[in-house]
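Here are the chains, one letter per residue:
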Amino acid sequence: MLTLGLLGTGRLGTAIRALADGADDVQVVWAVGRGGPPEDEQAVDIAIDVSTAAAVPGHLRWARATGTHLVIGTTGWDPALLDRGGPGIGAGPGIRVLTAPNFSLGVALLRRLAVALGGYAARADVPVDLAVTDTHHRNKVDAPSGTALALREGLALGSERRPEDVQVTSLRLGEVIGDHEVIAASPLETLTLRHTAHSRDLFAAGALTAARWLAGRTEPGVYTLDDLAEDHLRDLLDVSTGAVPTNVASTSDGDATATPATTDIPRAGASAGRPTHAGAPA
Ligand SMILES: NC(=O)C1=CN([C@@H]2O[C@H](COP(=O)(O)OP(=O)(O)OC[C@H]3O[C@@H](n4cnc5c(N)ncnc54)[C@H](OP(=O)(O)O)[C@@H]3O)[C@@H](O)[C@H]2O)C=CC1
Ligand SMILES: O=C(O)C1=N[C@H](C(=O)O)C[C@H](O)C1
């Protein structure tokens, strides 16, 4: 049984708890809000931080002091906290930290597609504007969303532009759970990739998957959801186009054999800027 502590008991924390209560391989031992984990809190295998940006430095210090592995789903905090030797986990013992501004594997796929879309823009012979939109419920505090920032970084990476050169707009509307678009627009065409979360259960399920995955690692250090997603998505962008290859050679019995046509559009994924396991803290 994997034991969990929840740092955050709001919208997402509540959804994670409900899902965990129905699972037979995980147990939420404690869940805390603004007060943070008290000193006498029972030790857990993994803590999941779904609180607020201002609380993350303290939660990292607590994780380091107690040797608790940490999944961070909270957004809006400074990733420099995780730098080696920085004020975060750098100087601590060997804990494992997984960060995920979005727990959806669909968004992990979208980020890879954003890298490819950026590469497409870079090769165009007309000017291409790149943009990300994020729409969330009216109570979300950070803007742009953590996901929008990651998608912007993907577009920037693929297009070899600076992140600041990718436009980002944020809307806070009603009860929207989470909607992101990745856009490349030229005078000739517009490509729009869109992800819409229909339920917080999407994120809750991903948070539990991340906790299980982190529990299975052995190396201390910093991981991202992209490390986890790599197992699921590795080969996904090597899809056939379904088109008849142009380099077809006929055999004597009339069958056509073909070497798949290749394209030099960069593959999103491991070799295209996938954030990697940052190694063990010193
Ligand atoms: N990675 C992902 O897939 C997703 C990430 N998120 C992110 O998760 C975070 C939480 O979102 P959501 O559940 O909607 O937010 P809520 O506002 O509903 O919940 C926030 C929680 O954080 C606690 N909190 C607030 N301030 C502090 C503080 N100073 N110290 C410690 N705890 C504090 C609150 O405590 P109290 O209850 O006592 O007020 C509450 O339990 C956000 O950063 C959001 O962007 C959200 C959805 C998906
Ligand atoms: O606060 C939210 O609700 C969400 N936050 C995450 C983010 O900032 O990217 C992920 C998701 O879109 C929902």
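Residues numbered from 1 in each chain as written. Chains lettered and ligands numbered in written order. Predicted model: local features only at pLDDT ≥ 70, side-chain atom pairs only at ≥ 80, totals over all residues.

Caption draft 1: Layout of the site of ligand 2. Near ligand 2 you find T75, P101, N102, H136, K140, S145, G146, T147 and G178, and these make up its full shell. In terms of domain composition, the shell around ligand 2 takes at least three residues from each of domain 1 (2-103 + 202-232) and domain 2 (105-196). (Near = placed C-beta within 6 Å. Domains from an automatic or database assignment.)

Caption draft 2: Seen up close, unusual backbone geometry. Across the junction of A143 and P144, the peptide omega takes the value -5°, indicating a cis bond. Summarising the element assignment, P144 is placed in the loop between β6 (129-136) and α4 (146-159). For E160, which is not glycine, the phi dihedral falls at a positive 55°. Checked against the element boundaries, E160 lands in the loop between α4 and β7 (167-172). By the C-beta count within 10 Å, which is 10 here, E160 ends up exposed. (Helix = DSSP H or I, 4+ residues; strand = E, 2+ residues; numbered from the N terminus. Buried ≥ 20, exposed ≤ 12 C-beta atoms within 10 Å, placed from the backbone.)

Caption draft 3: Here's a closer look at the UniProt feature "binding site: NADP(+)" (unreviewed entry) in the chain. The feature "binding site: NADP(+)" (unreviewed entry), as given by UniProt, occupies R34 in the numbering adopted here. Looking at where R34 falls in the secondary structure, it is placed in the loop between β2 (26-32) and β3 (46-49). Look at R34 and you get exposed, because 10 C-beta atoms sit within 10 Å. (UniProt positions renumbered as here; feature names shortened; annotations may be inferred.)

Caption draft 4: Up close: the packing of helix α3 (residues 105-123) against α4. Look at α3 against α4: their axes get within 6 Å of each other, and the N-to-C directions meet at 35°. In this structure, the crossing between α3 and α4 has a hand that is right-handed. Mapping the contact onto sequence places V107, L110, R111, A114, V115, A116, L117, G118, G119, A121 and A122 in α3 and T147, A150, L151, G154, L155, A156, L157, G158 and S159 in α4. (Axes fitted to C-alpha atoms, helices over the stretch in contact; angles between N-to-C directions. Left-handed = near helix turned anticlockwise from the far one by under 90°. Contact = placed C-beta atoms within 7 Å.)

Caption draft 5: Just the nonpolar core, in detail. One finds I16, I48, V71, L155, A207, A210 and A211 to be the most contacted residues of the largest nonpolar core, which totals 63 residues. Broken down by element, the residue count for this core peaks at 9 residues, all from α3. Of the residues that make up this core, three or more belong to each of domain 1 (2-103 + 202-232) and domain 2 (105-196). Ignoring any residue separated from it by four or fewer positions in sequence, one finds V71 in contact with I46, I48, D49, L98, A207, A210, A211 and L214. (Core = buried A, V, L, I, M, F, W, Y, C linked by C-beta atoms within 7 Å.)

Caption draft 6: The arrangement of the site of ligand 1 in detail. Around ligand 1, 24 residues are found, and the nearest of them are G10, G33, R34, A55 and G73. Element by element, the count of residues in the shell around ligand 1 is highest for helix α1 (residues 11-21), at 3 residues. Looking at the shell around ligand 1, its residues break down into 8 nonpolar, 13 polar and 3 charged. (Nonpolar A, V, L, I, M, F, W, Y, C, P; charged D, E, K, R; others polar.)

Caption draft 7: Looking closely at the sheet that holds β2. Pairing in this open sheet of 6 strands is parallel, and the strands run β2-β1-β3-β4-β5-β10 from one edge to the other. Of all strands in the sheet, those with a lone pairing partner are β2 and β10 (221-224), marking the two edges. Direction aside, neighbouring strands of the sheet carry axes that sit 20° apart on average. When β3 meets strand β4 (residues 69-72), the two strands line up parallel, connected through 4 bridges. Across the sheet, the residue bridging to D49 is I72, located in β4. (Pairing = 2+ DSSP bridges.)

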